[in-house]
Number of protein chains: 2
Amino acid sequence: MIKYVYDFSEGSSDMKALLGGKGANLAQMVKEGLAVPPGFTVTTEACLRYLEEGREFVQSLWIDVETALERLERQTGRTFGSGPEPLLVSVRSGAPISMPGMMDTILNLGLNDDTRSALAEMVGDDRFAWDSYRRFIQMFGNVVKGVPSERFESILEEVRRNKGVAFDHQLDAEALASLVKRYLSLYEEVTGETFPSDPWIQLREAVEAVFDSWNTARAKTYRKIHGIDDSMGTAVNVVAMVYGNLGGDSGTGVCFSRNPADGEKKLYGEFLVNAQGEDVVAGIRTPQPIGELAKVMPDIFEELKATADRLEVRFKDMQDVEFTVERGKLYILQTRTGKRSAEAAVRIAVEMEKEGLIDRNEALGRISPEQVERLLHSQIDPNCVPEVISRGLPASPGAAVGRIVFDPDEAVAMAEKGESVVLVRPETTPDDIHGLYAAKGILTSRGGMTSHAAVVARGLGKPCVSGAEDISIDLEGGRLLTEDREFLKGDFITVDGSTGRVIAGEVPLSLPSISDELNTVLDWADEAADLQVWANGDTPEDAKRARSFGAKGIGLCRTEHMFMAEDRFPVMQRMVVAESLEERQEALDDLRAMQVEDFVGIFREMDGLPVIVRLLDPPLHEFLPKIPELDKRILEADSAGEDTSKLRKMKSRAESLREVNPMLGFRGCRLGIVYPEIYGMQIRAIFDAMSSLPDVDLKVEIMMPLVQTKGEMALLREMVESIASEYPQGSLSYLVGTMIELPRAALRAAELAEDAEFFSFGTNDLTQTCLGLSRDDVESKFMKEYVDKGIFPISPFHVLDRDGVGELMAIAFERGRKARPDISIGICGEHGGDPKSVAFCHSLGLNYVSCSPFRVPVARMAAGWAALGLIE
Amino acid sequence: MIKYVYDFSEGSSDMKALLGGKGANLAQMVKEGLAVPPGFTVTTEACLRYLEEGREFVQSLWIDVETALERLERQTGRTFGSGPEPLLVSVRSGAPISMPGMMDTILNLGLNDDTRSALAEMVGDDRFAWDSYRRFIQMFGNVVKGVPSERFESILEEVRRNKGVAFDHQLDAEALASLVKRYLSLYEEVTGETFPSDPWIQLREAVEAVFDSWNTARAKTYRKIHGIDDSMGTAVNVVAMVYGNLGGDSGTGVCFSRNPADGEKKLYGEFLVNAQGEDVVAGIRTPQPIGELAKVMPDIFEELKATADRLEVRFKDMQDVEFTVERGKLYILQTRTGKRSAEAAVRIAVEMEKEGLIDRNEALGRISPEQVERLLHSQIDPNCVPEVISRGLPASPGAAVGRIVFDPDEAVAMAEKGESVVLVRPETTPDDIHGLYAAKGILTSRGGMTSHAAVVARGLGKPCVSGAEDISIDLEGGRLLTEDREFLKGDFITVDGSTGRVIAGEVPLSLPSISDELNTVLDWADEAADLQVWANGDTPEDAKRARSFGAKGIGLCRTEHMFMAEDRFPVMQRMVVAESLEERQEALDDLRAMQVEDFVGIFREMDGLPVIVRLLDPPLHEFLPKIPELDKRILEADSAGEDTSKLRKMKSRAESLREVNPMLGFRGCRLGIVYPEIYGMQIRAIFDAMSSLPDVDLKVEIMMPLVQTKGEMALLREMVESIASEYPQGSLSYLVGTMIELPRAALRAAELAEDAEFFSFGTNDLTQTCLGLSRDDVESKFMKEYVDKGIFPISPFHVLDRDGVGELMAIAFERGRKARPDISIGICGEHGGDPKSVAFCHSLGLNYVSCSPFRVPVARMAAGWAALGLIE
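Please read these numbers as outputs of a predicted model, since none were measured by experiment. (Residues numbered from 1 in each chain as written. Chains lettered and ligands numbered in written order. Predicted model: local features only at pLDDT ≥ 70, side-chain atom pairs only at ≥ 80, totals over all residues. Heavy atoms only, no water.)

Q: I would appreciate a short explanation of empty space enclosed by the protein in the present structure.
A: Taking a probe equal in size to a water molecule and rolling it over the atoms shows the remaining empty space. All names here are of chain B. A full pass over the atoms with the stated rule returns three cavities of 30 Å³ or more. Size it by volume and the largest cavity reaches roughly 60 Å³. If you trace the largest cavity, you find it lined by His377, Ser396, Pro397, Arg458, Gly461, Ser852, Phe854 and Arg855. In terms of residue class, the lining of the largest cavity is built from two nonpolar, four polar and two charged. A domain-level breakdown of the lining of the largest cavity finds at least three residues from each of domain 2 (378-510) and domain 3 (529-619 + 659-867). (1 Å grid on protein atoms, 1.4 Å probe; cavity = no way out; pocket = protein on both sides within 12 Å on 5 of 7 lines; lining within 4 Å. Points joined across faces, edges and corners; volume = space filled by probe spheres on them. Nonpolar A, V, L, I, M, F, W, Y, C, P; charged D, E, K, R; others polar. Domains from an automatic or database assignment.)

Q: Teacher, can you tell me more about the domain arrangement of chain A here?
A: Per the domain assignment, the segments making up chain A are domain 1 (251-337), domain 2 (378-510), domain 3 (529-619 + 659-867) and domain 4 (624-653). For domain 2 of chain A versus domain 4 of chain A, the separation of C-alpha centres amounts to 30 Å.

Q: Explain unusual backbone geometry here, please?
A: Excluding glycine, residues mostly carry a negative phi; peptide bonds, for their part, are mostly trans. All names here are of chain A. Cis rather than trans, the peptide bond between Gly83 and Pro84 has omega equal to 0 degrees. Looking at where Pro84 falls in the secondary structure, it is placed in the loop between helix H3 (55-76) and strand E3 (89-94). At Asn108, a position not held by glycine, the phi torsion is positive, near 65 degrees. Judged by relative accessible area, which is 7%, Asn108 ranks as buried. (Helix = DSSP H or I, 4+ residues; strand = E, 2+ residues; numbered from the N terminus. Buried < 20%, exposed > 50% of the residue type's maximum accessible area, 1.4 Å probe, protein only.)

Q: Sorry if this is basic, but what is going on with the interface of chain A and chain B here?
A: A common way to express how large an interface is: the accessible area buried when the components associate. Taken together, the contacts link 49 residues of chain A with 49 residues of chain B. Together chain A and chain B conceal approximately 4,200 Å² of surface at their shared face, both sides included; 57% is due to carbon and sulfur atoms. Per-residue buried area on chain A facing chain B is highest for Asn661, Leu664 and Arg744 of chain A; these three make up 14% of the total on that side. Joining chain A to chain B, the criterion identifies six salt bridges. The partner of Arg744 of chain A in a salt bridge is Asp801 of chain B, and the shortest N-O contact between them spans 2.8 Å. (Contact = heavy atoms within 4.5 Å. Buried area = accessible area lost by both parts, 1.4 Å probe. Salt bridge = Lys/Arg side-chain N within 4 Å of Asp/Glu carboxyl O.)

Q: So what exactly am I meant to see when it comes to the pairing of strand E22 (residues 501-504) of chain B here?
A: As a general feature of sheets, a regular strand has side chains that alternate between the two faces. All names here are of chain B. Residues Arg501 and Ile503 line one face of E22 and the alternating positions Val502 and Ala504 line the opposite face, and both faces are buried. The pairing of strand E12 (residues 388-391) with E22 spans three bridges and is antiparallel. Bridge assignment links Arg391 to a residue of E22, and that residue is Arg501. Of the pairings in the sheet, the one linking strand E21 (residues 492-496) to E22 comprises four bridges and is antiparallel in character. Note on E22: the bridge partner recorded for Ile493 is Ala504. Linking E21 to E22, which pair antiparallel, is a turn of four residues; within it Gly500 sits at a positive phi near 90 degrees. (Pairing = 2+ DSSP bridges.)

Q: Looking at this structure, how should I read the UniProt feature "domain: Pyruvate phosphate dikinase AMP/ATP-binding" (unreviewed entry) in chain A?
A: Per the UniProt record, "domain: Pyruvate phosphate dikinase AMP/ATP-binding" (unreviewed entry) is annotated on residues 17-289 and 301-355 of chain A. Between the end C-alpha atoms of residues 301-355 of chain A there is a gap of 23 Å, over a span that is 51% helix and 31% strand. (UniProt positions renumbered as here; feature names shortened; annotations may be inferred.)

As C-alpha cells, this is what we get:
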C-alpha cells in the first residue's frame, strides 16, 4: 500500500520531492519541536495518480485523508464540520519547486452556516465569523470554481456604498451577513450549483483543484521555459487554522532573527495583541515593536527568541518568522530565509562566520555581486516617494541630486562655487568632457547605454540617465520640458542611474559605504577566486582608486582618454588636422610630453602590479567637432569678422575623415599602421616614463587595438622593438600583446599568438561585430523590442552572449593557448564587471577580468562566486 | 660517374628537374627532329655541387664541357676561338621553374679580336662583326662582372653625339671599333682585370655566373614567397649562334601557329630577309607578313608550316615560334605557348577540341575566367592611345563614351533624345537611380569599390569609375575640373571601369560579343562543374538577362531595389515617414500592388527555375534624403513661400532614424520583426504573384536577411506560415530560409537550420563584420595601404578572405548540413562572381553561387575550372 498522506510529524525537509517544498519545511519544523499548527500533506504521488486516473482515484485516497483529519481533530481538540469548537483548515498547493500558476491558498475551509455560528461563539465575535465566512466563499468560489473575483468585488463595493463606508472593516456583522447571502447566490448563479455546505465536499473539491492547477496553461508554460519536469506533480497541505484574536492571551506578529536593515543580531519585528494577521494589513491598529512583547507576554517572547535562534542554527541563515499566539500558545506559521538589505547581508554573513554558524564560502554565498554593487552607489532613500518626471536608460548606477545646468562650462563654473550640478544635454561629446567631470550626475535625452555620456559616466562612477526621450531640451531657452512641466536652469533635479528615473527636485539619498565587513568578505572572495580582477583606468587617479578597490592590475589604460582633458584636446586636434608629417610631428611632440606625465603617474601608483596600455583606438574624427557644429562656428566667426581659416581647415579634415560606419572604419591599429608616427609617439612616451622610474617595480604591457591579421601584429611588434632599441640595452622590460575584438582575430588567434604575448578580449567590439549590432544605435531603438519578444534574454551589451561571442572567445582562448602555452588572457570590455559574464570568463579559464574601478568589488565577488559554483 | 653535361640530343621534355625548363624543351624539339641550333645543357646537379664546393668543382666539370663543345664544333663545322668560321655561342640560365633574378642571356660568346675579324670575313660584314663584339662585351661585363649598364650606355651616347647620329645602327664600323676599345678600357677600369680574350675563360666565367645567380637576393626572395625549393638549382644552356644575315638565302622571323587575335587556324607572323632579330626591334626595316615567305622561300615556308603543325600536335596548344634561316637552313630558336586574345582563346580551344587535339576539359583549361570576363565588356580599342585625365577605382568593368551630365534628371532627358551620357557626380544616392539607369557610364569623385554608384553600376553591368579623387566637380557651375583642364556639361568623356581611367573626349571602343564558341565552352564548363551558377536580379529584365547568360536560378532578388524606381520611391518614402500603423498600411497597400507586378514578371521569366526573394534589408533612412539635403529643400521651399510641413515631417523622421553605424543598425529582419506589417506586405505580394500564375512552374524561396538567433528565424518562419494560411490550402509551395551574413549566424547555423530550409552566404556583410571593415569607408581609405604593405594580399571585398570569413562559412556549412542534411547552401555576395572565391565555394561543397547577371559567364567558367582543379 502506497502512503499518500503524511502527517507533519512524519516528514522532514529532505522529502521535498514527495511532500513539496512547503510541506517538507513544515514537517521539518515539527521535527525540530517547534510549535507549528498541526496538519498533513497529500503527496505529489497522489497528484500524479489523480491526473492519470481522474476523480475515481480520490475515493480511494479519501480514506487516508479522513484518517489524517481525524488525527487533526484529536490534535486540536476541535471538530471538522461542527461546533462547539469547529476545526477550520487552510488548503495550499506546494510543489517541489515553487512556480507561478499554481492554486492560491484557501483559508477558513470548513465553514458553513452551522460552523460559522459555532465559530462566532468560540471567538466571541460574530462579525469576525461572518467576515471569515464571506472570505472563504469568495476564495473557494474564485480559486476552485473560477467565479471571477470582480463579481465578488463589485457586490462588496455595492454593499459598502449602501452602508456609506469606505473600508471593509467598517462593515458590521449584519452587513457581512447580507453579503454572505449575496455571495452564495452569485456562486449558484455562476456555477449552477449550490455552495457546498459539507466541509468534506469543500475539502475534496479544494484538493482536486490543487491537483488540477498543476496543468494550468501558465504552469505548463513556466515548466517548459525553465526545463522543469512535467511528471513532478504538486502536493497539497491541509493545516489547522489558529486564531490570534481570541483575547488578551492571543496575538499575531512577524519577526526577523536579525535586523534586516543593518544586520544587527537582535530580534526585529512587530506584533499585535488580540488580532489576526489581516488586521495589520488593514491598518486599523498600529503594531508594536517586537521588544514590547517581552513586557506583554514575557514567556512567549522568550520562546519566540529561542525559536528564532534554533531556526537560525537549523537553516544557518537569518529567518523571517510568522507567528500567532492562540490563548497563550505560540504557533509558528511559517519560517523562511529573511530578505535583507545589502548592508545587512554583509554584516550577517561576516558575523555568522565569526559565530561558527557558517564557513567562509557559505558566508560568501550570502552576499550576491548585485548586493555588493548596491553598496557602492548612492541610492534614493527607500522611504521617500519621488515624483518621477521621466524614465530613461539606467546608464550608470547610483543617484545624484543637483541643479540643472545645460552648458559644460557653466557646470564647471558652478561646481567650482561648490554647487552640486546635474548636466543636462541632448547628448554629450568629447567637447563636453570637463562638464561631465564637474557634474554630480548626467542626464541626456538621446543615446543608449553606451553613448558617450553613459560610457564616460560609468568610468567616472557618476550616475547617468541616458536616452530619456520624453523630455525635450531647449538649450537656447535654458529649459527642460516634459509633457506637462517645465524646469529652468538652476532648478533642482535628481537622476537615478540605477533605475533610469528622472525625479523632480531634491530627494534624500543614502550614501555608499565600504565597510570593514565588506572588505573582509571581498578578501575571502579573492581567496576563493581562480581569476583576478583588474581595472580599466586612464589616469593616476583611476589607478589609485582601482588599487583602493582591490584591483590587481590595470587591464586597460585607454591612451585616447588622456587627450580628452581640456588642456590637451586642442593639441590633439592640431595633430589630427595636420596636413604634413612635420606639422603632425610637432603636435605629437607636445602630446608626448603630456603622455609621459600620465604614464609616470599611473606606473608609480601601480608599483608592482601590471599595467596594460592600449595605443590610440578611436577614429581621428572623434577628436574633431561634428560638421554642423563647425558650420555654425564658421558662420559665427564670419559674422564677427574673425579669421575662419583654422575652422575651415578643421572642417575640411573632418569631411575627409567622415565615415559611414565609424565603428568599422579607420581606427585602432589601422591608424598606427598608416600613421606610424602616432603610435611611435605613444610607444616612446611609455618608454620615457619607464626610464624615469628606476625605483618602481614596473610591469608594463603594450596593447594593440583592432588587430586581426598576422601581418598587423608582426609589423606592430617590430615597431615596438625597433623603438625599444633606441633606449639603453636591457633597460626596458615589457610585453606586447593585442586585443581580441574582431571575429577574425578570434579565429586567427594561433597566428596572432606568435607575436602577441597576451590577449585581452574587447567584448564590446566583439559583440558589435559578431552580432552586427551597433551599441550606439540599438540600445535605445529595437533592443527593447527584441528583449520583450525573447529574442535576446537581455541586451548582449550588458550580459555576454555566450552562444555567439562566447564561442569566439572559447575558440581564441584554445588556439592562443595552444600556440603560446604561457599566454596571459583576460577581458577588458564592459562585460568584465558583469557577474554572469565574469562567471563565463571563469569557466573559460581566463587569467583576469578588467572593469571600471567602481565595479571592481562587484567583479571580485562575482569571481569568488564563480569559483564556488554559485553563478554560472 | 655522374653525367653533368647533356647534348640537346640526349634530353627530353620530361627531364626538366635535371635540365631546367628551357634545356628540356630544346632537347624535346631536337627529339622531334626539328631544326634547333645545336647545343648542350649543364645540369642543375652541377649547379648544386658548384654551390656547395665552389670553383674547384668546375675544373672536374670542365672536361665534360670541353667534350660537349668539341661535339658542337663538329655539328656546326665551326671552331670555338678561331677562324675561318668561328663558333659563337649563347649562354642562358634555365631553372626547372622560371623565376626572376636569374642571369640574363649572353649572346656572341667566343668573340675576341681574332674571331671578330674571322666573323667579319665569314659574314662579309665588318660593321656587323664590330657590333656583335661590342654587344658581347657589354653583356658579359654587365651580367658576369656587374659593370653598370649605364656606364656602357653613356659611352655609347657620347660616341653617337660625336658622330652626330641619333641611332646605334647609324654608327659605322670605324665608330663601333673605337667603341669596342673604350668598352674594353671601361671593363678594365671597373673590374681591375683585362677582358678575357680566351673564349674558354669567357665560357667558364659565364657558366659560374649563371650558377651564382641562383642565390641572388631577388631569386631567393622570390623562391621564399612562392614556396619554391632552394635545393633545385639552375641549369645552363650553351647554344651555337646562327645568323639570318648571311645573304638573300638567310632571314629571321616570328610566327604563331594560329592567329593570336581572332584564333583563325592559319600561320600568322612576320619575317625579314637577310636580317638579325634585332633589326626588327631597331625598326630600320619593316618586316613582311609571314604569307610573303611562301613566295620568297617556298620550301622554308612549307617547312615552317609543317614545324608549327608538329609543335601544336606535340604541345597541344597554339605556338609562338622564333626562327632564323641561315644560308637556306631553317633553325627554330624557341617555341612556347602563344599568348592570345580572349576571343582567340575561345576559338582556338573550341577548334582544337573539334580537331581532336585536346579534350573538352583541356579546352576549358585554355580559357581563364578572367578572359571570359574581358569578352563581356566593351574595351577601349587597344590600338588607341587615350589621354588619361584622372585615375579612380575600377568600380564596374567595361568602357563607356558619352557627354558629361551632372544632373540625373538631365541624364534621363538627354538619353531619351538618344544621346549617350556619362553621369558625373561627387557620389550617388538612391535619389539618383534614374540617372544611373539612363547613363552609359558613371564617374564619381568620392566613394569606393562598393559605394552606391559602384554597386548599382555592377548590378546594371555599366562601366563605372568611382573615387577619382583628383578631379573636382562644380555642380552649380556645371564643370568638371582636373589640375590643368576644364570640361563642361555636354563635353565628351570616356570612362574605363576596367582600369579606373578617366579619358578626355571620345575614344573608339571594341564591343563585347558572346559568340557561339563561347556558349559552347560555357556549356562544357557547366557539365564539368559541381556547383551551379545563379544570378542576383531584382527585375524581370534582370531575370531575362540572367537566364540568357545561363543562370540556373535567381539567388538574390533584392526587394528594396524594386522601390528605387522613380515612380515608387515617393510611395516608399510615404511608408517610411508614416506616423501611424494606418498611415503606413496605406502606403504598404500601394507598394504591395507594385511588388506583385514585379514578382509576376520575375517568376514568369524564371519558369521552372528557383527564385530566392529576400525581404527588405536596408535601414529605412536609406529611403529618405540626407538631412543637409532636407535642410536645403526646406530653406528653398520656405523662401518660395511653399508649405514645408511634409519636408519637416520627413526631416524629423530622418533624424529619429539616423544611425551612427547604419551597417550594424536597425535593418534586415530587425525591421521585419519590429514592423511586421512591412514584411507582411512583401510576403503577401509574393503569394499574390504566385497565385496569379497557375501555369508557371514556380520554385519560390523566401529569404530573411540579417538573422542570427533561433528566435528571429522561428518568428519569421511563423509569420510566413501564418500568412500562407490565408491562401487556399495547398495552393502555395515555397521554401523559407536565411542569409548567413553575421558571424553569430554562422556559429549558430545548427539552430537556424531547424527553421531555415536554405542558407545563402551574404559574404559582403560577413566580411564587414568578421573583419570589422566598412566597405563604404575602407576601400578608398586605408585598404590600398594595407594591400601595399602585404597585410591583405588583395581587398577581402574582391576576393574572399578564406582564413577568416572562409572559416565562418565552413563552420556554418558543416553545422547547417548536420542539422538538416538536405539544406541547400549557396552564396549571394559579390564574391559569387569572383573566380577564386567561386573556387573556394566549390571546395566547401556549396550548391550554387549567385552573382550579377553580367558575371554569370565568368562564374560558370570559374565553377568549371574549380571542378577541374584549375583554380583553388
